[in-house]
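What follows is the residue order along each chain.
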Amino acid sequence: MTLGIVGAATSRAEAACQFTIFPRHGTYEAVAHLHGPGLVLDGGGMTDAPESTLRWLHRRLLGDDGRKRGGNVVILRASDADVDDARSFKAGNFASVQTALIPPCSTKAQIDSVAPLVDKADAVYFAGGDQANYVIWKGSALIAAVKRVYARGGVVGGGSAGLAIQGAVVYDSVAGDRLNVETHTADAVRNPLEPRISFTTGLFAWPALADTITDTHLVVRDRIGRTIVFLARILRDNVLPGVRTVYGLGIDEGSAVVVDPDGMGTVLNLPGSKGAYLIRAGTMPQLTAGQPFKYTVQISHIGAEGTRFDLLHKHTTQPWKSVTVDGSRKPIYSPNPYSP
């Protein structure tokens, strides 16, 4: 019986570690002129995103009304072989969609072998999962190829973990995975210097996300508190040397922000989703290990479907309100940032 259990576990581990380039849906057709660059920032996973993001993506690639099939999308996954590129192919009216599954056990050569596939893409989308499995690609030929897609006018983006890696600073989950814990608002505000919080910089440098960390599933999982702790840690730990004001862009599950070449973002929502929250932190925090977090930031809620805002310059027509997070109190927020 013991041998059977070990064998089953080994088989599951082997199955989870299969570097795979899946067959392409559709037929590759080169696009003569792209209309980007742009970003697709989905607060949840691909299946939680409004389909209007796919229509926006199609317009950004081809510059038309979306009725003509065109554009070639590559989906990158670091886990989960439950591939959903058929939905994207049908809903987005793309010429082709192809997925590469690159699990964390992949070799450097396997990771870099996906670069030629990405170099032919017009858009690259990072699926959900665990951002720790993406940040290990930093400095690879694959990440260089993703940057070239953006540079030639294509679109880059992702959902959930794929959104978490798009900012200038990434909450990378590396330390948390090592400790087998996740960072939640509740633990972060109890001890903002807890060792489970770790960051990666230098993965990407999209202009609209300069000095910015992105967070996901924001309202559904009450992540505003932890996002504010991340901002305080970025300032306190000098994660971005010389930067005195840092931003968080939190996007709710079922919402997306699509970003045009000029850095203007547009909020897209499924019914009931809360849109985006832009958070600004510009004072040096006073943090003590083991002591509750107390810090004040400014938050602008850009919630309504179709609302546009200047993500490049961090300007919004929506009001900014001062919010204090105090880990020694219940409720921890004053006032409640989720309230209108």
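Look up: the structure comes first, before these words.
Conventions used here
Residues numbered from 1 in each chain as written. Predicted model: local features only at pLDDT ≥ 70, side-chain atom pairs only at ≥ 80, totals over all residues. Heavy atoms only, no water. Salt bridge = Lys/Arg side-chain N within 4 Å of Asp/Glu carboxyl O. Helix = DSSP H or I, 4+ residues; strand = E, 2+ residues; numbered from the N terminus. Buried < 20%, exposed > 50% of the residue type's maximum accessible area, 1.4 Å probe, protein only. Expected span 1.5 Å × (residues − 1). 1 Å grid on protein atoms, 1.4 Å probe; cavity = no way out; pocket = protein on both sides within 12 Å on 5 of 7 lines; lining within 4 Å. Points joined across faces, edges and corners; volume = space filled by probe spheres on them. Nonpolar A, V, L, I, M, F, W, Y, C, P; charged D, E, K, R; others polar. Disulfide = S-S within 2.5 Å.

Trainee: Quick one: what's the story with the pattern of salt bridges, residue by residue and with numbers?
Mentor: Following the criterion strictly, the structure yields ten salt bridges and no others. Salt-bridge contacts for D260 lead to R60; the nearest nitrogen and oxygen are separated by 2.9 Å. Remark: R60 occurs in helix α2 (residues 52–62) and D260 occurs in the loop between β12 (255–259) and β13 (264–269); sequence separation between them is 200 residues. Accessibility classification places D260 together with R60 in one group, the buried group. Among the ionic pairs, D260 bridges to R308, the shortest N-O distance being 3.2 Å. One end of the pair, D260, is in the loop between β12 and β13; the other, R308, is in strand β16 (residues 308–310), with 48 residues separating them in the sequence. Assessed through its relative accessible area of 38%, R308 is described here as partly exposed. Through salt bridges with shared partners, a single ionic network connects R60, D260 and R308.

Trainee: Explain helix α11 (residues 224–236) residue by residue, including any values.
Mentor: Taking 1.5 Å per residue, 13 residues should reach 18 Å; α11 reaches 18 Å between its end C-alpha atoms and fits that length. Among the 13 residues that make up α11, twelve are buried, leaving the element largely enclosed by the rest of the structure. Among all positions in α11, only I224, G225, R226, T227, I228, V229, F230, L231, A232, R233, I234 and L235 are buried. Positive phi appears at N238, one or two residues downstream of α11, with a value of about 55 degrees.

Trainee: With reference to specific residues and values, describe the layout of surface pockets.
Mentor: Of the volumes computed, that of the largest pocket is approximately 240 Å³. Residue lining of the largest pocket: 18 residues in total, with G129, Q131, S173, E182 and R223 positioned closest to the centre. At the level of secondary structure, the elements contributing two or more residues to the lining of the largest pocket comprise α8 (161–164) and α9 (174–179). Of the residues in the lining of the largest pocket, the class split is four nonpolar, seven polar and seven charged.

Trainee: Go over the state of the cysteines with me, naming the residues and quoting the values.
Mentor: Two cysteines, two sulfur atoms, one covalent bond between them: this is a disulfide. If you walk through the whole model with that rule in mind, you get one disulfide. The disulfide partner of C17 is C105, and the gap between their sulfur atoms is 1.5 Å. Of note, the bridge from C17 to C105 carries an S-S torsion of about 120 degrees and is right-handed in sense. Here C105 lies in the loop between β5 (96–101) and α4 (108–113) and C17 lies in the loop between α1 (2–16) and β1 (20–21), a separation of 88 residues in the sequence. C17 gets classed as partly exposed once you look at its relative accessible area, which sits at 31%.

Trainee: Account for unusual backbone geometry, naming residues and giving values.
Mentor: In the segment running from G36 into P37, the intervening peptide bond is cis, with an omega of 10 degrees. Secondary-structure assignment places P37 in the loop between β2 (25–26) and β3 (38–42). Between K330 and the following residue, P331, the backbone shows a cis peptide bond with an omega angle of 0 degrees. On the secondary structure map, P331 appears in the loop between β17 (320–326) and β18 (333–334). With phi around 60 degrees, N93 is a residue other than glycine that occupies positive phi space.

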